[in-house]
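The primary structure of each chain is shown beneath.
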Amino acid sequence: MAAFMTAVDMLIVNVALPTIGTKLHFAESDLQWVVTAYAVAFGGFLLLGGRTADLLGRRRVFTAGLALFTAASLACALATGATFLIVMRGLQGLGAAAVLPSALSIVMNMFPEGAERNKALGIWGAVGASGATFGVLAGGALTRYAGWQYIFYLNVVIGGVALLLVRRVVPESRAVPDGAQPGTRRRYDPLGAVTVTGALVLAVYAISQAPTVGWTAARTLALLASAAVLLAAFVVVEARAQAPLLPLRLFRLKSLAGSNAVGFLLGASFYGYIFIGTLYMQQVLHYSAMTTGLAWLTVGMTGVVLAGPAQILVTRASVRLVMAVGMTLTGSGILWATQAPVHGSFLANLVGPFLLTGTVTWVFIPVSIGALVGVTERDAGIASGLIDSSQQLGGAIGIAVASTVAAARSRAMLGHGHLAADALTGGFHQALWVCGLVGLAGVPVALLLVRGPSNVEYRGGDGGGDGDA
């Protein structure tokens, strides 16, 4: 339920942005902060949220994050001014950064590695794919028929029910350091937390603002350079820390490293595709928010139907094979969408690509499985936060790059005398080419770096861990 809620919230607000801007009298330049504030807090604090769950207790951090997310959602619904809404959106993102990695690590620790965990993560992947699609549909329906506030009231209802159930159905667990007894005083890594969180926050902020201020603007370059310096400092700190926030030994697991690389490419391609596809339907085909959401439902329903076969294939075949097939089909579906014309229609030009990209579940599920293969119980939270961070950072970069490419191409076509609709379509086509090729780039990454569960050995010592058995 919590994973579904956070997946819905990633996209449900986008459809309602124009209405929110009008009702709360946003300045045009400030409206994007309704999305950016959430993305910066969410993406920036995921790693910290994952490790905090390992150290303080996964159910405890999950409950605290869920309570914060739900309370912030209620505050968003009651907002009467722009500044208050933006601040509450940031708190929503902070709550989500605690909820998502702790939830995934709880699922991982409830089921042993193998068929049972694959089945559980199959459900997890289906929830994520359907939640993202449902977000677009619910955003349009609630904004049109109830009011923009109800996109946040929906979170309050789901979050409230989840909070009532959590102590009854979710077990508590936390990491125990090597050689230590339960209750031993835990060591923390504050410098690592500050450097990596600062790096992620600056990177997500710079990338999300780049399409507006320019990729070569002094502010963008300075922020990206600062993020790179902090990230380098984080690596140095982690290599020397006695109790690192992100143990670098984890990257000796090829499946973890490969799955995170594929997860990054998946986020960049798929979220960029949803962003551009939504603009095409609304700005070129003049679909309403409700009609756009119904169209995207094709992708979500396909993903749900394919979730079961995906987890079965992962168990009977291999993680990397299913992942590679999923990336091939998803990337091909995005490239197919580049053929949609100015006067396109759903049946003739959209339903085919939508059905093909619905196979994205075949990537979400094996990516989640591969990122946790060989990871010990004590590192479950940080490994979960890492894969979530990879997908979110990829999504932020994918959307920013896609919007930049589309805008540049459209301006160029307008300058050459093309009609507005033709220029918009041309820009969207070029952006979709980029998204599709990024998706296909995940195929060789999956085949070369990801290993199946039976091929991975993990030794949990602080200095150990061979990648391949």
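Computed from a predicted structure; not experimentally measured. (Residues numbered from 1 in each chain as written. Predicted model: local features only at pLDDT ≥ 70, side-chain atom pairs only at ≥ 80, totals over all residues. Heavy atoms only, no water.)

Some thoughts on the overall build of the chain
Item 1. Secondary structure assignment for the chain yields 15 helices and zero strands.
Item 2. On C-alpha atoms alone, the chain measures out to a radius of gyration of 21 Å, which is about the 23 Å that the 2.2 N^0.38 rule sets for 469 residues.
Item 3. The principal-axis extents of the C-alpha atoms in the chain amount to approximately 70 × 50 × 45 Å.
Item 4. Across the 469 residues of the chain, 55% fall into the buried class.
Item 5. Intrachain contacts of the chain at a sequence separation of at least 6 include 83% that bridge at least 24 residues.
Item 6. The positive charge centre, built from 27 side chains, and the negative charge centre, built from 18, are 3 Å apart in the chain. (Helix = DSSP H or I, 4+ residues; strand = E, 2+ residues; numbered from the N terminus. Rg over C-alpha atoms; globule rule 2.2 N^0.38 Å. Buried < 20%, exposed > 50% of the residue type's maximum accessible area, 1.4 Å probe, protein only. Contact = heavy atoms within 4.5 Å. Lys, Arg positive; Asp, Glu negative; His and termini not counted. Charge placed at Lys NZ, Arg CZ, Asp CG, Glu CD.)

Considering a nonpolar patch on the surface
Item 1. On the surface, a cluster of nonpolar side chains totalling about 580 Å² of accessible area is made up of Met1, Val157, Val161, Leu164, Leu165 and Val169.
Item 2. Position of valine 157 relative to the elements: it lies in helix H6 (residues 150-169). (Patch = residues over 30% accessible without salt bridge, like charges linked within 9 Å, V, L, I, M, F, W, Y side chains within 5 Å. Areas by Shrake-Rupley, 256 points an atom, 1.4 Å probe, with all protein chains shown as cover. Salt bridge = Lys/Arg side-chain N within 4 Å of Asp/Glu carboxyl O.)

Notes on the confidence of the model for the chain
Interpretation of this model should avoid reading the predicted coordinates in detail wherever pLDDT is low.
Item 1. When the pLDDT values of the chain are averaged, the result is 85; 93% of them are 70 or greater.
Item 2. Low pLDDT (under 50) marks residues 454-469, which in the prediction has 43 contacts with non-local residues, meaning those over four places away or in another chain. (pLDDT = per-residue confidence, 0-100.)

Notes on the environment of isoleucine 399
Item 1. The topology assignment puts isoleucine 399 in helix H14 (residues 380-415).
Item 2. Residue class for isoleucine 399 comes out partly exposed when judged on its relative accessible area of 29%.
Item 3. Isoleucine 399 sits 27 residues away from leucine 372 along the chain, and the two C-alpha atoms are 27 Å apart.
Item 4. Once you skip the residues sitting within four places of it in the chain, isoleucine 399 turns out to touch Tyr271, Gly272 and Phe275.

Some words on the side chain of serine 73
Item 1. Here serine 73 shows up in helix H3 (residues 58-77).
Item 2. If we skip the residues at most four places from it in the chain, serine 73 touches Gln92, Phe152, Asn155 and Val156.

Some remarks on the packing of helix H9 (residues 254-284) against H14
To describe two helices that pack against each other, one gives the angle between their axes and the distance between the axes.
Item 1. Packing of H9 against H14 leaves a shortest axis separation of 6 Å and a crossing angle of 40°. For the element pair H9 and H14, the recorded crossing hand is right-handed.
Item 2. Of the residues in the contact of H9 with H14, the class split is 14 nonpolar, eleven polar and no charged. (Axes fitted to C-alpha atoms, helices over the stretch in contact; angles between N-to-C directions. Left-handed = near helix turned anticlockwise from the far one by under 90°. Nonpolar A, V, L, I, M, F, W, Y, C, P; charged D, E, K, R; others polar.)

Quick word on the packing of aromatic side chains
Item 1. As enumerated under the stated definition, the model contains ten aromatic pairs in all.
Item 2. Both rings, one in phenylalanine 346 and one in phenylalanine 354, keep their centres 6.2 Å apart while their planes meet at 55°; by these two values the pair is tilted.
Item 3. Put simply, the rings of Phe270, Tyr271, Tyr273, Trp296, Phe346, Phe354 and Phe364 pair up and form one aromatic cluster. (Phe/Tyr/Trp six-rings, centres within 6.5 Å; stacked < 30°, edge-to-face > 60°.)

Some remarks on the pattern of salt bridges
Item 1. Inspection of the entire model under this criterion finds six salt bridges.
Item 2. With a shortest N-O distance of 3.2 Å, arginine 51 and aspartate 379 are connected by a salt bridge. Pair noted here: arginine 51 is in helix H2 (residues 33-56) and aspartate 379 is in the loop between helix H13 (361-370) and H14, with a separation of 328 residues, a long-range link.
Item 3. Among the ionic pairs, arginine 117 bridges to glutamate 113, the shortest N-O distance being 3.7 Å.
Item 4. Take arginine 117: its relative accessible area is 8%, and that puts it in the buried class.
Item 5. Among the charged side chains, a salt-bridge network with shared partners connects Arg51, Asp54, Arg58, Arg249 and Asp379.

Considerations on helix H7 (residues 190-213)
Item 1. Between its first and last C-alpha, H7 extends 33 Å over 24 residues, near the 34 Å set by a 1.5 Å rise per residue.
Item 2. Isoleucine 207 marks the point of greatest bend in H7, at about 25°, and the proline proline 211 comes within the next four residues.
Item 3. The first or second residue beyond H7 is glycine 214, which carries a positive phi of 105°. (Expected span 1.5 Å × (residues − 1). Bend = angle between axes of the 7 residues up to and from the residue.)

Concerning H14
Item 1. With 36 residues, H14 should cover 52 Å at 1.5 Å per step; its first-to-last C-alpha distance of 53 Å lies within 8% of that length.
Item 2. Downstream of H14 by one or two residues, glycine 417 has phi in the positive range, about 90°.

Looking at unusual backbone geometry
The phi torsion of most residues other than glycine is negative, and most of the peptide bonds are trans.
Item 1. At histidine 25, a residue that is not glycine, the phi angle is positive and equals roughly 60°.
Item 2. In this structure, histidine 25 sits in the loop between helix H1 (2-23) and H2.
Item 3. For histidine 286, which is not glycine, the phi dihedral falls at a positive 60°.
Item 4. The residue histidine 286 is located in the loop between H9 and helix H10 (289-316) in this model.

Some remarks on the environment of glycine 303
Item 1. Tracing the chain through its elements places glycine 303 in helix H10.
Item 2. The exposure class of glycine 303 is buried, given its relative accessible area of 0%.
Item 3. Along the chain, glycine 303 and glycine 436 lie 133 residues apart, while their C-alpha atoms are 18 Å from each other.
Item 4. Discounting residues that sit within four places of it in the chain, glycine 303 has contacts with Gly358 and Thr361.

A closer look at the packing of H9 against helix H12 (residues 346-357)
Item 1. The geometry of H9 relative to H12 is characterised by a closest axis approach of 13 Å and an angle of 160° between their N-to-C directions. Classed by the angle they form, the pair H9 and H12 counts as roughly antiparallel. Pair H9 / H12 crosses with left-handed handedness. In contact with Phe270, Tyr273, Tyr280 and Met281 of H9, H12 contributes Leu350, Pro353, Phe354 and Thr357. (Parallel < 35°, antiparallel > 145°, perpendicular 65-115°, else oblique.)

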